[in-house]
Amino acid sequence: QVQLVESGGGLVQTGGSLRLSCAASGSIVSSNTMAWHRQRPEKQREMVATITSGGTANYADSVKGRFTISKDNAKNTVYLQMNSLKPEDTAVYYCFFWQVGNRPYWGQGTQVTVSS
């Protein structure tokens, strides 16, 4: 079992910044992938950014150049630095965790609201 605890959401004005954190605990092996997904109002959940234990990151085109995902392997914590936020970034952001031989895990979600 793996537990995920998210923090860092909130309300910010257009152009502002927020940093999300997600700490994983439980039965974790060194090789894993963590990610952030989001679900905007009336939209399907979508991938925002992923990062492997080796540090390989991938981003959705809509956030490239504005968001940065990073990972502290010692703390099993993933971060999402979000800059130049836009109203269309408003969503519930979910942390995602996966490792070989295990099912995917999701965090409880944290609300990010960007006002215009």
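Each remark here, short or long, concerns the structure printed above.
Rules and cut-offs
Residues numbered from 1 in each chain as written. Predicted model: local features only at pLDDT ≥ 70, side-chain atom pairs only at ≥ 80, totals over all residues. Heavy atoms only, no water. Buried < 20%, exposed > 50% of the residue type's maximum accessible area, 1.4 Å probe, protein only. Helix = DSSP H or I, 4+ residues; strand = E, 2+ residues; numbered from the N terminus. Pairing = 2+ DSSP bridges. Contact = heavy atoms within 4.5 Å. Salt bridge = Lys/Arg side-chain N within 4 Å of Asp/Glu carboxyl O. Axes fitted to C-alpha atoms, helices over the stretch in contact; angles between N-to-C directions.

Participant: How should the pairing of strand β8 (residues 77–82) be read in this particular structure?
Facilitator: Put simply, side chains in a regular strand alternate between the two faces of the sheet. For β8, a buried count of five out of six residues is recorded, marking the element as mostly surrounded by other parts of the structure. Bridge analysis of strand β7 (residues 67–72) against β8 gives six bridges, and the strand direction is antiparallel. Along β8, the bridge assignment pairs D72 with T77. Joining the antiparallel neighbours β7 and β8 is a turn of four residues, in which N76 adopts a positive phi near 50°.

Participant: It is not clear to me how the environment of Y105 should be interpreted in this structure. Could you clarify?
Facilitator: Following the sequence through the fold, Y105 ends up in strand β10 (residues 105–106). According to the relative accessible area criterion, Y105 is buried, its value standing at 6%. Spatially, the C-alpha atom of Y105 lies 14 Å from that of R38, the residues being 67 residues apart in sequence. With residues up to four places along the chain from it excluded, the contact list for Y105 reads Q1, V2, L4, C95, F96 and F97.

Participant: How should the pattern of salt bridges be read in this particular structure?
Facilitator: Side-chain pairing between opposite charges can occur once the charged atoms of the two side chains come close. If you walk through the whole model with that rule in mind, you get five salt bridges. Taking the shortest distance from any N to any O, the salt bridge between R40 and E46 comes out at 3.1 Å. Between R66 and D89 there is a salt bridge; the shortest N-O distance is 2.7 Å. Placement of the pair is R66 in the loop between β6 (57–59) and β7 and D89 in the loop between β8 and β9 (91–98), with a sequence separation of 23 residues. In this structure, R66 and D89 share a single accessibility class: buried.

Participant: What is the right way to look at the sheet that holds strand β3 (residues 18–26) in this model?
Facilitator: In a beta sheet, neighbouring strands pair by backbone hydrogen bonds and run either parallel or antiparallel. Taking strand neighbours across the sheet as the criterion, the four strands line up as β1-β3-β8-β7 in an open arrangement whose pairing is antiparallel. Each end of this open sheet is capped by a strand with a single partner; those strands are β1 (2–7) and β7. Put simply, the sheet's adjacent strands are angled 15° from each other on average, direction ignored. Of the pairings in the sheet, the one linking β1 to β3 comprises six bridges and is antiparallel in character. Bridging from a neighbouring strand, V5 pairs with A23 of β3.

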